[in-house]
Amino acid sequence: MAEVYMLWHLYWYIDDKGYEEDEGKILGLYTSKEEAMDAAKRYYKLPGFNKYPFDCFGVDKYKVDEDSAWVGGFFSPREYIYHIVKKNMDLWDPLNLLPYAPDDEYDIESKQIAKQVKLNHTVEELAEIISQVFSEGFGREYDVKCCSEAAEAIYKDLNEEFKQS
């Protein structure tokens, strides 16, 4: 089956109201990953693209004539990040509240974490964000080490959903 490589550019910025937003562009389809990366190098020299790190470019591989994305519907990337964070915060359930509390128990913390998550964060950076949000939200210290398991799960899910070929 034939394959193509889609080159894209995605960066994050803070809007006028102080919210983090993303801006993405699909730049082209190529017959190989090498061709797509050569194109990224050309784009990187152009105004606008050269204001952001080179790692804002990405390449995804697709099979021609095959459904490859959004087969279950869609969310904005930020919404999808929230759903990944929320799922993993509920599974982690550090206070063991969910057997007794409503399903929205960790919604506020999940939203705060999701707002800060970037797709290039490491597990350690994710654990720091979780630690900060939960420490502030629950008035007790959640050290980074205790947040690592949840951070690893979020990292894994993000990389599976937004993986680069």
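These figures come from a predicted structure and were not determined experimentally.

Axis separation between helix H4 (residues 123–138) and helix H5 (residues 144–161) bottoms out at 7 Å; the angle between their running directions is 120°. When the interaxial angle is binned, H4 and H5 end up oblique. In terms of crossing hand, the pair formed by H4 and H5 is right-handed. Of the residues in H5, those touching H4 at Val123, Glu124, Leu126, Ala127, Glu128, Ile130 and Ser131 are Val144, Cys147, Ser148, Ala150, Ala151, Glu152, Ile154 and Tyr155. Looking at the contact of H4 with H5 residue by residue, the classes come out as ten nonpolar, two polar and three charged.

With that settled, the discussion passes to the nonpolar core. In this structure, Val85, Met89, Trp92, Ile113, Ile130, Phe134 and Ile154 are the most contacted members of the largest nonpolar core, which totals 24 residues. Of all the secondary-structure elements, those providing two or more residues to this core are helix H2 (77–92), helix H3 (107–116), H4 and H5. Among the elements that take part in this core, H4 stands out by supplying seven residues, more than any other. Those residues in contact with valine 85 that sit more than four places away from it in its chain are Ser110, Ile113, Ala114, Val117 and Ile154.

As a further point, take unusual backbone geometry. Even without glycine at this site, aspartate 65 takes up a positive phi of about 65°. With respect to the secondary-structure elements, aspartate 65 resides in the loop between strand E3 (57–63) and H2. Overall, the relative accessible area of 78% leaves aspartate 65 in the exposed class. The backbone of asparagine 96 shows a phi angle near 50°, a positive value even though the residue is not glycine. With respect to the helices and strands, asparagine 96 occurs in the loop between H2 and H3. Residue classification places asparagine 96 among the partly exposed residues on the basis of a relative accessible area of 48%.

This paragraph deals with the packing of aromatic side chains. Under the definition given, this model contains 13 aromatic pairs. With 5.5 Å between their ring centres and 20° between their planes, phenylalanine 134 and phenylalanine 138 make a pair best called stacked. Of this pair, phenylalanine 134 and phenylalanine 138 both sit in helix H4, four residues apart, which is roughly one turn of the helix. According to the relative accessible area criterion, phenylalanine 134 is buried, its value standing at 0%. Relative to tyrosine 142, the ring of phenylalanine 134 has its centre 5.7 Å away and its plane inclined at 65°; by these criteria the two rings are edge-to-face. Assigned by exposure class, phenylalanine 134 and tyrosine 142 land together as buried. Joined through ring pairs, the aromatic side chains of Tyr43, Tyr44, Phe49, Phe54 and Phe57 make up one cluster. Here arginine 140 stacks its cationic end above the ring of tyrosine 142, 4.6 Å away from the centre of that ring.

With that settled, the discussion passes to the pattern of salt bridges. In this structure the tally under the stated criterion is six salt bridges. Between aspartate 107 and lysine 86 there is a salt bridge, with its nearest N and O atoms 2.8 Å apart. You can see aspartate 107 sitting in helix H3 and its partner lysine 86 sitting in helix H2, a full 21 residues away along the chain. Under the relative-accessibility criterion, lysine 86 is labelled buried at 12%. For the salt bridge of lysine 156 with glutamate 160, the shortest nitrogen-to-oxygen distance reads 3.0 Å. Within this pair, lysine 156 and its partner glutamate 160 are both found in helix H5, separated by four residues, close to a single helical turn. With a relative accessible area of 46%, glutamate 160 lands in the partly exposed category.

Rules of the game
- Here the residue numbering is sequential within each chain, running from 1 through the sequence in written order.
- Selection of residues for local features in this predicted model requires a pLDDT of at least 70, selection of side-chain atom pairs for listing and counting requires 80 or more, and totals for whole chains, interfaces and linings are taken over all residues.
- Water and hydrogen atoms were dropped before computing side-chain values, which therefore reflect all heavy atoms in the structure.
- Angles run from 0 to 180 degrees between N-to-C directions of axes, and those axes are lines fitted to C-alpha atoms, restricted for helices to the stretch in contact.
- The numbering of helices and of strands both runs from the N terminus, where a helix is a DSSP run of H or I of at least 4 residues and a strand a run of E of at least 2.
- Should an angle fall under 35 degrees it is called roughly parallel, over 145 degrees roughly antiparallel, and 65 to 115 degrees roughly perpendicular, with every other angle called oblique.
- Each crossing gets its hand from how the near helix is turned against the far one by less than a right angle, where anticlockwise is left-handed and clockwise is right-handed.
- Contact definition: two residues touch when any of their heavy atoms are within 4.5 Å.
- The classification used treats Ala, Val, Leu, Ile, Met, Phe, Trp, Tyr, Cys and Pro as nonpolar, Asp, Glu, Lys and Arg as charged, and all other residues, Gly among them, as polar.
- Here, nonpolar core refers to any group of buried Ala, Val, Leu, Ile, Met, Phe, Trp, Tyr and Cys residues whose side-chain atoms link them within 4.5 Å.
- Only protein chains enter the accessibility calculation, which uses a 1.4 Å probe; a residue whose area is less than 20% of its type maximum is buried, one above 50% is exposed, and one in between is partly exposed.
- Geometry of aromatic contacts follows a simple scheme: Phe, Tyr and Trp rings, the Trp one being its six-membered ring, pair when their centres are within 6.5 Å, and the pair is stacked under 30 degrees between planes, edge-to-face over 60, tilted otherwise.
- Cation placement over rings: the criterion is NZ of Lys or CZ of Arg within 6 Å of the ring centroid and within 35° of the ring normal.
- A side-chain nitrogen of Lys or Arg and a carboxyl oxygen of Asp or Glu constitute a salt bridge if their distance falls within 4 Å.

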